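These are the residues of each chain, in order.
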Amino acid sequence: MVAVNTQKLFSVTLRVWRQAGPAQPGKFVEYPAKDLNPNMSFLEMLDVVNDELAAQGIEPIAFAHDCREGICGTCSCTINGKPHGPGKGVATCQTYMRSFSDGDTIVVEPFRARAFPVIKDLVIDRAAFDKIQQAGGFITARAGSAPEANALPIAKGDADLAMDAAQCIGCGACVAACKNASAMLFVSAKVSHLGLLPQGQAERDRRVLAMVNTMDALGFGSCTNQYECSAACPKLISHDFIARMNRDYVKASFRSAFKAAPANTSGGGA
Amino acid sequence: MATLNSKIPTGPLAEKWRKHKTEIKLVNPANKRKYEVIVVGAGLAGASAASSLADLGYKVKCFVFHDSPRRAHSIAAQGGINAAKNYQNDGDSVHRLFYDTLKGGDYRAREANVHRLAEVSVNIIDQCVAQGVPFAREYGGLLANRSFGGAQVSRTFYARGQTGQQLLLGAYSALSRTVGAGAVDLHTNSEMLDLVVVNGQAKGVIIRNLVTGVISRHSADAVILATGGYGNVFNLSTYARGSNTTAIWRAYKRGACMANPCYTQIHPTCIPVSGDYQSKLTLMSESLRNDGRIWAPKKSGDARTAADIPESDRDYFLERLYPSFGNLAPRDIASRAAKRVCDEGRGVGTTGLGVYLDFADAIGRLGEPAVRERYGNLFDIYHEITAENAYKAPMRIYPAVHYTMGGLWVDYNLMSNIPGLFVLGEANFSDHGANRLGASALMQGLADGYFVIPYTVGDYLAGQKSGSRPSTDGAEFKQAEDNVRGLSNRLLATKGKQPVSYFHKKLGKIIWDHCGMSRTKAGLESALQKIPALREEFNATVNVPGSAETLNQSLEKAGRVADFIELGELMCRDALTREESCGGHFREEHQEADGECKRDDQNFAHVAAWEYQGDSKSPLRNTEPLNYEFTKMSVRNYK
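In this text the structure is predicted, and so the values were computed from the model without any measurement.

Moving on, we come to the overall build of chain B. The number of helices and strands found in chain B is 17 helices and 19 strands. At 24 Å, chain B has a C-alpha radius of gyration in line with the 26 Å of a compact globule built from 639 residues. By residue count, 67% of the 639 residues in chain B fall in the buried class. Considering only contacts in chain B between residues 6 or more positions apart, those separated by 24 or more positions represent 74%. Entry remark: accessible area of chain B is about 20,800 Å², with carbon and sulfur atoms responsible for 50%. Here chain B holds 76 positive side-chain charges and 68 negative ones, and the gap between their average locations is 3 Å.

This part is about a nonpolar patch on the surface. A cluster of nonpolar residues, Val250, Phe254 and Phe258 of chain A, forms a patch on the protein surface that exposes about 360 Å² of accessible area. Within the secondary structure, Phe254 of chain A is located in helix H8 (residues 240–258).

All names here are of chain A. With a phi angle near 55°, Asn225 is a residue other than glycine that sits in the positive phi range. With respect to the helices and strands, Asn225 occurs in the loop between helix H6 (204–217) and helix H7 (228–232). Accessibility expressed as a relative area gives 46% for Asn225, which makes it partly exposed. Residues other than glycine seldom take positive phi values, yet Tyr227 does so here, at roughly 65°. Using a relative accessible area of 35% as the deciding quantity, one classes Tyr227 as partly exposed.

Turning next to the interface of chain B and chain A. At the junction of the two partners, chain B supplies 72 residues and chain A supplies 72 residues. Of the roughly 5,800 Å² buried where chain B meets chain A, counting both sides, 51% is carbon and sulfur surface. Between chain B and chain A we count five salt bridges in total. Linking Arg126 of chain A and Asp67 of chain B is a salt bridge whose minimum nitrogen-to-oxygen distance equals 3.4 Å. Of all elements in the fold, only helix H3 (44–56), helix H5 (111–131), helix H6 (163–180), helix H11 (368–386), helix H12 (441–461) and helix H16 (553–577) of chain B reach the threshold of two or more residues within the side of chain B that touches chain A. Split into classes, the residues belonging to the side of chain B that touches chain A amount to 27 nonpolar, 31 polar and 14 charged.

Rules used in this analysis
- Residues numbered from 1 in each chain as written.
- Chains lettered and ligands numbered in written order.
- Predicted model: local features only at pLDDT ≥ 70, side-chain atom pairs only at ≥ 80, totals over all residues.
- Heavy atoms only, no water.
- Helix = DSSP H or I, 4+ residues; strand = E, 2+ residues; numbered from the N terminus.
- Rg over C-alpha atoms; globule rule 2.2 N^0.38 Å.
- Buried < 20%, exposed > 50% of the residue type's maximum accessible area, 1.4 Å probe, protein only.
- Contact = heavy atoms within 4.5 Å.
- Areas by Shrake-Rupley, 256 points an atom, 1.4 Å probe, with all protein chains shown as cover.
- Lys, Arg positive; Asp, Glu negative; His and termini not counted.
- Charge placed at Lys NZ, Arg CZ, Asp CG, Glu CD.
- Patch = residues over 30% accessible without salt bridge, like charges linked within 9 Å, V, L, I, M, F, W, Y side chains within 5 Å.
- Salt bridge = Lys/Arg side-chain N within 4 Å of Asp/Glu carboxyl O.
- Buried area = accessible area lost by both parts, 1.4 Å probe.
- Nonpolar A, V, L, I, M, F, W, Y, C, P; charged D, E, K, R; others polar.

Keep in mind these numbers describe shape, not what the thing actually does.
This is the structure in structure tokens:
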């Protein structure tokens, strides 16, 4: 539980990672953040600091954000060493200044991982996540070809578990929290979401193989079962999905190794 | 004077779309790959359009300003998506969904468009389930539904309080599949800054890469804008901070008409404003009104806590005023009722701008675990923001800007008055009239992308010679690129004292005060004085640090706010000219004795489509009459 600061206005010192571009060296720079209201969000505090920096002729701190309600997955600050900051089950944008106290020094960095290079200051490049999805994170269903929705009943428990996995917001906190920069929680959430549903079965093997192989190729590390990922996850996605994906991966690997290749059934019609 | 031909097909209402699909032109499969289509935006409408067109065989280029298409703000929609499946056996039908939507929009939408939307709603649910969207289900494994405002049937499909997220991830997965297959060329971190019109037809866009600052030209056979709504003109709204009007505004300045810009939706149940540092307002889903009861103290200035106010001193004002719809009255009506209560001094919380949304009855009836199962994530969000426990004390809520019904004018084919420019989803004006019902935005975005544009874009392309795409070396491309560079350079060169946020806040306050929940002639006239002055001040004193050659968030914001200032002026002009009240557009001069909207069907049963005439001239107000062939325009009654 995060301490709740209810005092009126207060001040902190920010120790922020500044980096002008992907190829430039970065460093920590300290800035004061004064007269903060405890009900401000962490990002609103950065807005205020940025306007002050601009007024002093200093370039504002670049940081990624968009929806500011914890669902788009854009925000990506490591605050005092923890991806998304001190709260449990929240994104950076849902971190409020009431979690900090007068006189605190707050260290703010981008999510760190080899597969997430820094673009500028606190902004990182997470295109690797999209590449994993493009490799297999889908059920092929062209518009217009779908059967009647209720033709396929799905047990509530399966649907609920699929939804637990599907909640992933693709922020990358799991990768940033992992000492190996593994993306297993992210990938397993998508593999499990689709693999738990009957309509996901046709591509189940292809999907897990393609996504895991792409993940490995993009420079993410391996999982060593320490579960920092699920602890940092703003949606508290369970690491049980990693075990589920590992089972799927092993089964799919065996099946693909021993399965007879299908006869070539393509070719023109009459 | 723009030509506004709605191209509504002839014939009976329920036959129009079917008939139209069989009559419009097709592009044969081998020729489709010769046509290139640009899609700007990858929310529900853009992602579904891009993947569907790629599946058909067109070459598709998709541009998004986010770092990933999965970040589009469709992701934040909470409550659900409507569809006329009638799974609840409660009397729903395509006709009833059509009628509810048309009535909900206060008879200011086109009949034919709304009917088509209701027709394809059922296909959307099938499509989403096939993609693996994990909708809520009953124990028997069949799909569950809940109720939403403005309807007396349960037709809303949902995935906890994250329906928009799940639908967007479905559309994103389809887009990812087509990107992976090489059928869509996806450009992230890419913002459209101008539309290129060649020989009167939309043939390309100018893009700025937000990471590198590189400006590039792209030509195509058709351009589709699916760039969302413009509610951030108010600064404080439930929109994402990045949501903006730039793509559609710059298309407007290239000749596309902007229709009904004053139709904005103020959602009744949002977490109230707490301070002037605030950047964003957060919605509490309309679905909460299924079980939550909205009330305020009967006495003005009642300072007791909610728990200390006995039943006899509470006013459940929606239940009192609208007994047949109660807490599920449509959004515009519920918002105005809350505003009136607060204007009478009966508001709650430190600012007095709030009413209660109370779950005590539901918790008593269903138990806390059942309420948690239905709405747990919403209660969690409320707790994060306010540090209050809504299981123990009622939520405080107040209306906030949530959606814009206005947008670029489009015909039945979703094509604007610039041939070749199509506009989908919230960016167009087409289906919601003067007020959108809950759970209909997701429906419209996906209807447009999966089931309308795949047919109608072909009708346009079939008339274009394949391989006739203009070269990006042409004069029109050069002029558009120069325009974009000129705008950026002017912003960077001003080097004034005021941050962009100063202007955005000031603009937001002007629009909220004068073009918000309630509007007057005098107020709008004063806004039309204040906004040009604000624009002058912006041009003279804005401070945009940094350069154009790198990631520069100040520059991005400055360009967007400059467009919002111009759009805000047009909104006020539109609201001033529309001398009636309808849906979300409430003019105090035009109200019934009981405070309800007083429409003027004699003079205003039309779409107002504004046409740009140059920066120094007033825009031209074109009209498209709304001819109701099948429905009687009646007084909306939810009592």
